[in-house]
Amino acid sequence: MDEPNKPYDAAIGGHIELKHRVDPIAFSEERKAEICQMIQDMTIKTHQRKLVHQSMPLHMRRRAATHSVRRLPRRFRAVHNAQFSKSGVPEKKKRPSRKFRRKANYLQREYERRKRTSVWLETHVWHARRFHMVHRWGYKVAHRPCNKFYRAAYRATARHCLVHDLSYEGCIEIRGDEATLKEGFRRMCSEKVGLTLVAKSFTAGNRAGFVWLYEDGAYPYRCLGRVRFLWRCAEDQTADDRRTVWIFAHPTFYRKLVIQLVNIFKLTNAERETGSDPQDITQNPFSIRFPRYTATEGNVEVIELKDTINRFFLTGPLSQAIISKVLKVYSKPEKDGHATKNWFTKYSKKTKSECKSILEQQATYWEAIKDLTSPGELSPGEVLALLVEDPRINRPKKRTKALPVKVPERYNFTVEQEPATRGPMCSISPLWDETIRNRVTSEMKTMHELNQIRAAETLVPGERCVSEKWLQPVPVLLLQTPGSQDANYKRLGYGSGWELLVPAGYGLPMWHSLVLWGAKAAGQVELDMLALESGQDRCGVPDTELGRAEADRIHAEAVRRYFNLPNNKRINYTKLAIASPFRCPWAQLVQEWGNNRFPSTNSSEGQFFVLRDQDVLGKLKHAFQRKVNVSSIGLAPNTLVPLLLTLKARGNPGDNALICLPKREDLRANKVNRTVNRRDAVYTEPLRTDPNAQQRKTLRTEHLRTLKRLRSRRVREKKRKQRATPGALVRIAKASNRTLVEEQLRRMADLWIPARPDTVRNQCSRECFGYVTQCSFSLSEGNVTGIGYVTAKGFEKLFKICSKGTPKVLVRGIKSRNYRFASIRLLTQWS
């Protein structure tokens, strides 16, 4: 049955008929009320508290819509922009792409800004991508590589090649009469230590050496440090008999060494007007690139060449093969259309016959020795000057391991071989000339220019183009570094290598070539490892500037880490009977063993020095063999004897470990342990009580109560001001508790670790007479090895206790209570 009045169109059975046309006037009149209401809602702002992006439906809302208008629908973008323009919010521009930010000019400006705080070496960018960089001595130096490298570094020193950038060690050039220079150098070193700067084997210029320098006439006190030095070849000097010496010094005492030279030779600043004080004379602004100091009487001149000569140290048996691959002797090509003038053009014309003879001697000798299997086969400290091709045109496409060329007849000892003859001019190098060094740096083709030349002239990629053979030659100096000379001390030849001196500008190209030919780069940690494996102390000698600076730095870092820990996480060194856990108190230790309870004001008394006298060390060697009585040698009371320690059992005491005298019962316990093959500690230090524990607790409670009282006082003051000015914003000054907190920290730190302990000698059950400065597992010896220093009086007492056999000492780490025996040897490789 059909339903009447169906509510739909009549065309399908309903009763509603739709009109065929719309009357616009009637339609507008019907919509008038709705349009007025919409306009009214849009103009009223009293109840409109949301922005467009906040009024979106839930499924269309985006948190990032306020930052990017493109995240809104198109119909709302105009309103959104209008709202944000009225609010005063600045328009956020799009961050430039990384490719844009890494452009060369932007990087250069960024690098110059970051160089203001510390000096960058030429190889800094290469190291910064692969090493952890640290700020040391005013430089940014490589600390350790980002990958695991410790064992690989040892393998490189033992079987391959390890390279390190030593360019942070500054060069000082001294010119003058030979007699005047020798007289001044004798005041800074002593013949008792070994060969000095004025030894005949060095003054000819054919050998480079190491020497310990002291302040003027202060030997054996106030040691500056160990330096590398090199005399200019005597045959390369001018007719006025002026000699030239280069001294490479560590940054920690570089400035003090310049002051000593100014004081000894009575120099004045040639660049500016100064007073008579050496400190004022050597204080130069940054605008003076190469400070010069001249003598008022005589013709001595000192020039600072800091950061102008690159110095690379290579060690390991393959360093000889790598050097021979990297350095290709330069041969001047025949003239053609591509010929260009450079510094060598004028240099070869100035003394054409002599220049040809010099280059021939150097090339002949280099051809005779470059195929050696190790640089340790050469004479110690040998100097060789070479004129080589640009290192960028003589490198492999990918990293390649350079290997020595096998020459069977060279090592055929059944047949007599003629030694390689070294010419008298093998050490003459244009690198000594300041003008030539500056021209080499300024006329160097950049890598961009070289690539442009290659792109224009090279038809086959990888092949040499015609213009490459006309690149300027590079003068370099090779200094042989002797390794171990005593097979009974360390493996013969270990640590030998080359030092490569390169002019400024060619540091990074030469470094790239060394790495591409297989040399492994090393940081400061690897250098410490090499020194320990070689039985030398690189940066922990107590009486040097470097040793004191490193001790202060390590102490500050250790104290900061220690007091950053909460109280219940800190090691209580008072209970462990450790007087100074983070620093070796050498002065107090020497005073207590010398029966000088309080430090003296005298310049020589109250100080100490490390024993370097070769005659006395030779007598001590005989004392270890029971041929000489130690007491008859006559060691000074304030002498520190350097020792190489080897632990007899398990355990690694670490740095700053105590060296103690054993007792009779310790020797008996060690004998029992060896009989039953036990590796237990011979003695365990009993746990002490901390007398300052209650005082620290009371002091901390009082300090917290004081801070709470001061805070309550500030709260009351703020409430009082608010009551005085109701409705206004009240601000009060910040708490000025800085002095109070710093004093509390100082007092608490002194209660945890006293700055001046009551005693160092009797801090524990066994008498302490020395400290270990560096200790680690030695990969060459297969056990834990350390370098330490002991007092002379304690050393004599040790020989009285250990009357038979090899003397042994007790070693205890700062985090342990166990004493273990260690055998000792003299640390004799000083020069």
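Everything below is about the structure shown above.
All of these numbers come straight from a predicted model, not from anything done at the bench. (Residues numbered from 1 in each chain as written. Predicted model: local features only at pLDDT ≥ 70, side-chain atom pairs only at ≥ 80, totals over all residues. Heavy atoms only, no water.)

Peer 1: How do you make sense of the overall build of the protein chain when you look at a structure like this?
Peer 2: When helices and strands are counted, the protein chain shows 24 helices and 24 strands. Relative to the globule expectation of 28 Å for 831 residues, the C-alpha radius of gyration of the protein chain, 38 Å, shows a markedly less compact shape. Taken along the three principal axes of its C-alpha coordinates, the protein chain extends 135 × 90 × 70 Å. A burial count over the protein chain gives 45% of its 831 residues as buried. Sequence-distant contacts in the protein chain: of pairs separated by 6 or more residues, those separated by 24 or more amount to 73%. Working note: accessible area of the protein chain is about 46400 Å², and carbon and sulfur atoms make up 52% of it. Positive and negative charge centroids in the protein chain, built from 148 and 84 side chains respectively, lie 9 Å apart. (Helix = DSSP H or I, 4+ residues; strand = E, 2+ residues; numbered from the N terminus. Rg over C-alpha atoms; globule rule 2.2 N^0.38 Å. Buried < 20%, exposed > 50% of the residue type's maximum accessible area, 1.4 Å probe, protein only. Contact = heavy atoms within 4.5 Å. Areas by Shrake-Rupley, 256 points an atom, 1.4 Å probe, with all protein chains shown as cover. Lys, Arg positive; Asp, Glu negative; His and termini not counted. Charge placed at Lys NZ, Arg CZ, Asp CG, Glu CD.)

Peer 1: What is the right way to read the environment of Asn269 from this model?
Peer 2: Among the structural elements, Asn269 can be located in strand 9 (residues 267-269). Each C-alpha atom of the pair Asn269 and Pro291 lies 7.6 Å from the other, and the pair is 22 residues apart in sequence. Excluding residues within four positions of it along the chain, Asn269 makes contact with Thr274, Ile281, Asn284, Arg292 and Tyr293. Among the polar contacts listed, one links the side chain of Asn269 to the backbone nitrogen of Glu271, at a separation of 2.8 Å. There is a polar contact of 2.7 Å between the side chain of Asn269 and the side chain of Asn284. (Polar contact = N/O pair within 3.5 Å; in protein donor to acceptor, adjacent residues only side chain to side chain.)

Peer 1: Help me understand the sheet that holds strand 11 (residues 301-304), please; the structure alone is not making it clear to me.
Peer 2: Pairing between sheet strands relies on hydrogen bonds along the backbone, with the strands arranged either parallel or antiparallel. As summarised here, the arrangement of the seven strands in space is 6-7-8-5-11-10-9, forming an open sheet in which the pairing is antiparallel. The two strands at the open ends of the sheet, each matched to only one other strand, are strand 6 (208-214) and strand 9. Each strand axis lies, on average, 25° off the axis of its neighbour in the sheet, ignoring direction. Summarising the sheet, strand 5 (residues 170-177) and strand 11 pair through four bridges and their orientation is antiparallel. For Arg175, the partnering residue across the bridge sits in strand 11 and is Glu301. (Pairing = 2+ DSSP bridges. Axes fitted to C-alpha atoms, helices over the stretch in contact; angles between N-to-C directions.)

Peer 1: Explain a nonpolar patch on the surface to me, please; I cannot follow it from the model alone.
Peer 2: Taken together, the side chains of Ile35, Met38 and Ile39 present a nonpolar region at the surface, about 280 Å² in accessible area. Mapped onto the elements of the fold, Ile39 is located in helix 1 (residues 24-43). (Patch = residues over 30% accessible without salt bridge, like charges linked within 9 Å, V, L, I, M, F, W, Y side chains within 5 Å. Salt bridge = Lys/Arg side-chain N within 4 Å of Asp/Glu carboxyl O.)

Peer 1: Help me understand empty space enclosed by the protein, please; the structure alone is not making it clear to me.
Peer 2: Gaps left between atoms are located by rolling a probe of water-molecule size over the structure's atoms. Inspection of the entire model under this criterion finds four cavities of 30 Å³ or more. There is about 90 Å³ of room inside the largest cavity. Around the largest cavity sit 13 residues that line it, and Leu121, His127, Val141, Ala142 and Asp165 are the ones nearest its centre. For the lining of the largest cavity, the elements supplying multiple residues, two or more each, are helix 5 (124-128), strand 3 (139-145) and strand 4 (162-165). Element by element, the count of residues in the lining of the largest cavity is highest for strand 3, at three residues. (1 Å grid on protein atoms, 1.4 Å probe; cavity = no way out; pocket = protein on both sides within 12 Å on 5 of 7 lines; lining within 4 Å. Points joined across faces, edges and corners; volume = space filled by probe spheres on them.)

Peer 1: It is not clear to me how the packing of aromatic side chains should be interpreted in this structure. Could you clarify?
Peer 2: Where two aromatic rings form a pair, the distance of their centres and the angle of their planes describe that pair. Using the criterion set out here, one finds 28 aromatic pairs in the structure. When the centroid spacing of 5.5 Å and the interplanar angle of 35° are considered together, the rings of Trp137 and Tyr168 count as tilted. Of the two residues, Trp137 sits in the loop between strand 2 (131-136) and strand 3 while Tyr168 sits in the loop between strand 4 and strand 5, which places them 31 residues apart along the sequence. Residues Tyr562 and Trp752 carry aromatic rings whose centres are separated by 6.3 Å and whose planes lie at 80° to one another, so their mutual orientation is edge-to-face. In this pair, Tyr562 is assigned in helix 18 (residues 545-564) and Trp752 in helix 23 (residues 738-752), connecting sequence segments 190 residues apart. This pair shows no difference in class: Tyr562 is buried, exactly as Trp752 is. Site record: aromatic cluster; members linked through ring pairs are Tyr562, Phe563, Tyr573, Phe582 and Trp752. Residue placement shows Arg311 over the ring face of Phe248; its charged tip is 4.9 Å from the ring centre. Of note, Arg766 hangs over the ring of Tyr683, and the distance from its end group to the ring centre comes to 3.8 Å. (Phe/Tyr/Trp six-rings, centres within 6.5 Å; stacked < 30°, edge-to-face > 60°. Lys NZ or Arg CZ within 6 Å of the ring centre and 35° of its normal.)

Peer 1: How do you make sense of the side chain of Thr791 when you look at a structure like this?
Peer 2: Looking at where Thr791 falls in the secondary structure, it is placed in strand 22 (residues 783-791). At a separation of 3.3 Å, a polar atom in the side chain of Thr791 contacts the main-chain amide nitrogen of Gly794. Setting aside residues no more than four positions away along its own chain, Thr791 makes contact with Leu589, Val590, Trp593, Thr639, Leu640 and Phe769.

Peer 1: I'm lost on the pattern of salt bridges in this one. Help?
Peer 2: It is possible for side chains of opposite charge to pair when their charged atoms get near one another. For the structure on display, the rule yields 41 salt bridges. Here Glu499 ties to Arg228 by a salt bridge, and the two come within 3.4 Å at their closest N and O atoms. Of the two residues, Glu499 sits in strand 15 (residues 497-503) while Arg228 sits in strand 7 (residues 223-231), which places them 271 residues apart along the sequence. Taking relative accessible area as the criterion, Arg228 reaches 2% and is therefore assigned buried. Note that Glu743 is salt-bridged to Arg746, the shortest N-O span being 2.5 Å. With Glu743 and Arg746 both in helix 23, this residue pair falls three residues apart, about one helical turn. You can call Arg746 partly exposed: its relative accessible area is 49%. Bridged by salt links that share partners, the residues Glu173, Arg175, Arg242, Arg292, Glu301 and Glu434 form one connected network.

Peer 1: Just to check I follow, could you spell out helix 17 (residues 524-534) for this structure?
Peer 2: By the criterion of burial, helix 17 is predominantly enclosed, with nine of the 11 residues buried. Regarding helix 17, the residues found buried are Gln524, Glu526, Leu527, Met529, Leu530, Ala531, Leu532, Glu533 and Ser534. Along its buried surface, helix 17 packs onto strand 3, helix 6 (150-159), strand 4, strand 12 (309-315), strand 21 (768-778) and strand 22. Of the residues one or two after helix 17, Gly535 is the one with positive phi, at around 75°.

Peer 1: Would you explain the packing of helix 11 (residues 319-326) against helix 16 (residues 507-516) in this entry?
Peer 2: Axis angle and axis distance: for two packed helices, these are the angle between their axes and the distance between the axes, and together they describe the pair. Following both chains from N to C, one finds helix 11 and helix 16 inclined at 125°, their axes separated by 9 Å at the closest point. Between helix 11 and helix 16, the crossing angle belongs to the class labelled oblique. Crossing angle aside, the handedness with which helix 11 passes helix 16 is right-handed. Contact residues: helix 11 offers Ile322, Ile323 and Val326, while helix 16 offers Met510, Ser513 and Leu514. Partitioning the contact of helix 11 with helix 16 into residue classes produces five nonpolar, one polar and no charged. (Parallel < 35°, antiparallel > 145°, perpendicular 65-115°, else oblique. Left-handed = near helix turned anticlockwise from the far one by under 90°. Nonpolar A, V, L, I, M, F, W, Y, C, P; charged D, E, K, R; others polar.)

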